[in-house]
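Analysis of the macromolecular model
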Amino acid sequence: MKIQHVTVIGAGQMGSGIAQVAAEAGCQVNLYDLQEGFLEKGVGRIEKNLARQVEKGRLDEKEKLSILDRIHKFASLEKAVEETDIVIEAVVENMGVKTELFRQLDEACPSRTILASNTSSLPITEIAASTNRPEKVIGMHFMNPVPVMKLVEVIRGLATSDEVYHTVESLAKELGKTPVEVKDFPGFISNRVLMPMINEAIYAVYEGVAEPEAIDQVMKLGMNHPMGPLTLADFIGLDTCLYIMETLHEGFGDSKYRPCPLLRKYVKAGWTGRKAGRGFYIYES
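This one's a predicted model, so the numbers in the text were calculated from it and none came from an experiment.

On to the side chain of Gln53. Assignment of secondary structure puts Gln53 in helix α2 (residues 36-55). On the accessibility criterion, Gln53 (18% relative accessible area) is buried. Contacts of Gln53, omitting those with residues within four sequence positions, involve Gln20, Glu24, Arg58 and Leu59.

Here you go:
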C-alpha cells in the first residue's frame with residue numbers, strides 16, 4: 001500500500017516534527033490535538049522550522065507555502081482519521097493513555113488504516129492488544145528533533161504483518177529517514193542503550209564523583225559524544241527519562257535498570273530539564 005494520507009495524533013514537539021517531514025515528503029497530513037492552543041503552537045513550530053530553511057536557501061517561499069498547505073488542523077479525532085492511510089500517535093508516554101487512544105482509533109479508522117505508535121519504550125504488542133487489528137499495529141519511533149534526526153526504529157509487535165512492516169519501512173524512507181528493524185523489547189535499542197548510560201551519569205552526580213559539567217565534558221571530549229549525557233537528559237526531559245527507566249526496570253526485572261534516587265528527587269521537585277527551566281543545569285527563559 002502506498003501511503004498518501006497521514007494523520008498525526010498530538011501536536012507537541014514530536015508530533016509537529018512528524019507532521020512536518022510527512023508534508024515535506026508530499027503527503028497530505030491531518031494534525032490532531034485535543035486542545036486548539038496546542039494545535040496552533042504545533043503549526044507555529046512547523047512554520048518557524050520552514051522559515052529557517054528558506055533563510056538558509058534550502059527551500060523557496062513557494063515550496064514552504066505548499067508544505068504548509070498540506071497540513072490540516074483537526075480538533076475532532078473522528079474527522080481527522082476518516083480517510084487516512086496511517087495514523088502515527090505521538091502522545092504522552094503512558095500505557096493507559098495509549099491503549100485507550102488505540103481503542104478509539106480502532107473504532108474510528110477505516111479497516112485498511114495502519115496504526116503506528118511513536119512510543120520510545122512501551123511494548124507494541126500490548127498496545128496492539130487494545131485493538132481488533134493487531135496485525136496492523138506497529139512501532140515507528142522517531143528521534144528528536146524529527147526534522148533533523150535520520151533514524152526511525154520500526155518495531156514489530158507479536159502480530160504485526162510483513163505487509164504492514166514493509167509499508168512502514170518504505171514510508172520511513174520516503175520521509176528521508178533510515179529505518180532500522182527492532183524486536184518488541186522494553187526500550188527497543190535506542191533507549192535500552194542510552195537510558196542506562198544517562199542513569200549512570202546521574203548516579204555519578206548522586207555519589208559525588210564529579211559535577212554535571214565535568215561528567216558531560218568527559219563524555220564529549222573523551223568519548224566524542226556531541227552532547228553530554230546530563231545535557232541530553234535535560235533536553236529529553238528528566239520525567240521522560242525516569243518513565244523509561246521504570247519501564248526498563250519493570251520489563252526486565254533487573255536491578256541494573258533501577259532509576260537513580262536523584263533522578264526521582266529532581267522529577268518530584270519539578271526540575272524536569274530544559275522545558276521546566278531547571279534540571280541538571282539552569283536555563284534562562
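Here the narrative resumes, following the displayed structure.
Turning our attention to the sheet that holds strand β5 (residues 114-117). What the 8 strands build is an open sheet, ordered β3-β2-β1-β4-β5-β6-β7-β8; its pairing is mixed. The strands lining the two open edges of the sheet, one partner per strand, are β3 (71-74) and β8 (178-182). With strand direction ignored, the average angle separating the axes of adjacent strands in the sheet is 25°. Bridge analysis of strand β1 (residues 5-9) against strand β2 (residues 28-32) gives 5 bridges, and the strand direction is parallel. When the sheet's bridge partners are listed, Val8 is paired in β2 with Leu31. Seen against the sheet, helix α1 (residues 13-24) touches β1, β2, β3, β4 (86-89) and β6 (137-142) and runs at an angle of roughly 165° to β2. On the sheet, helix α5 (residues 95-108) packs against β1, β4, β5 and β6 and is oriented at approximately 165° with respect to β5.

Looking now at the packing of α1 against α2. Where α1 contacts α2, the two axes come as close as 9 Å, and the packing angle between them is 50°. If you check the angle between α1 and α2, you find them oblique. For α1 against α2, the interelement crossing comes out right-handed. Facing α1, whose interface residues are Gln13, Ser16, Ala19, Gln20 and Glu24, α2 presents Gly42, Arg45, Ile46, Asn49, Leu50 and Gln53. Residues belonging to the contact of α1 with α2 are distributed by class as follows: 3 nonpolar, 6 polar and 2 charged.

Before going further, it helps to examine the pairing of strand β7 (residues 151-156). Counting buried positions along β7 gives 5 out of 6 residues, so the element sits mostly inside the fold. Relative to β7, β6 runs antiparallel, the two sharing 5 bridges. The residue of β7 that forms the bridge with Ile138 is Arg156. With 5 bridges joining them, β7 and β8 adopt parallel strand pairing. Among the inter-strand pairings, Val152 is bridged to a residue of β8, identified as Pro179. Each parallel crossover has a hand, and the one from β7 via helix α7 (residues 162-174) to β8 is right-handed.

Procedures and definitions
- Residues numbered from 1 in each chain as written.
- Predicted model: local features only at pLDDT ≥ 70, side-chain atom pairs only at ≥ 80, totals over all residues.
- Heavy atoms only, no water.
- Helix = DSSP H or I, 4+ residues; strand = E, 2+ residues; numbered from the N terminus.
- Buried < 20%, exposed > 50% of the residue type's maximum accessible area, 1.4 Å probe, protein only.
- Contact = heavy atoms within 4.5 Å.
- Pairing = 2+ DSSP bridges.
- Axes fitted to C-alpha atoms, helices over the stretch in contact; angles between N-to-C directions.
- Parallel < 35°, antiparallel > 145°, perpendicular 65-115°, else oblique.
- Left-handed = near helix turned anticlockwise from the far one by under 90°.
- Nonpolar A, V, L, I, M, F, W, Y, C, P; charged D, E, K, R; others polar.
- Right-handed = clockwise from strand over helix to strand, strands pointing away.

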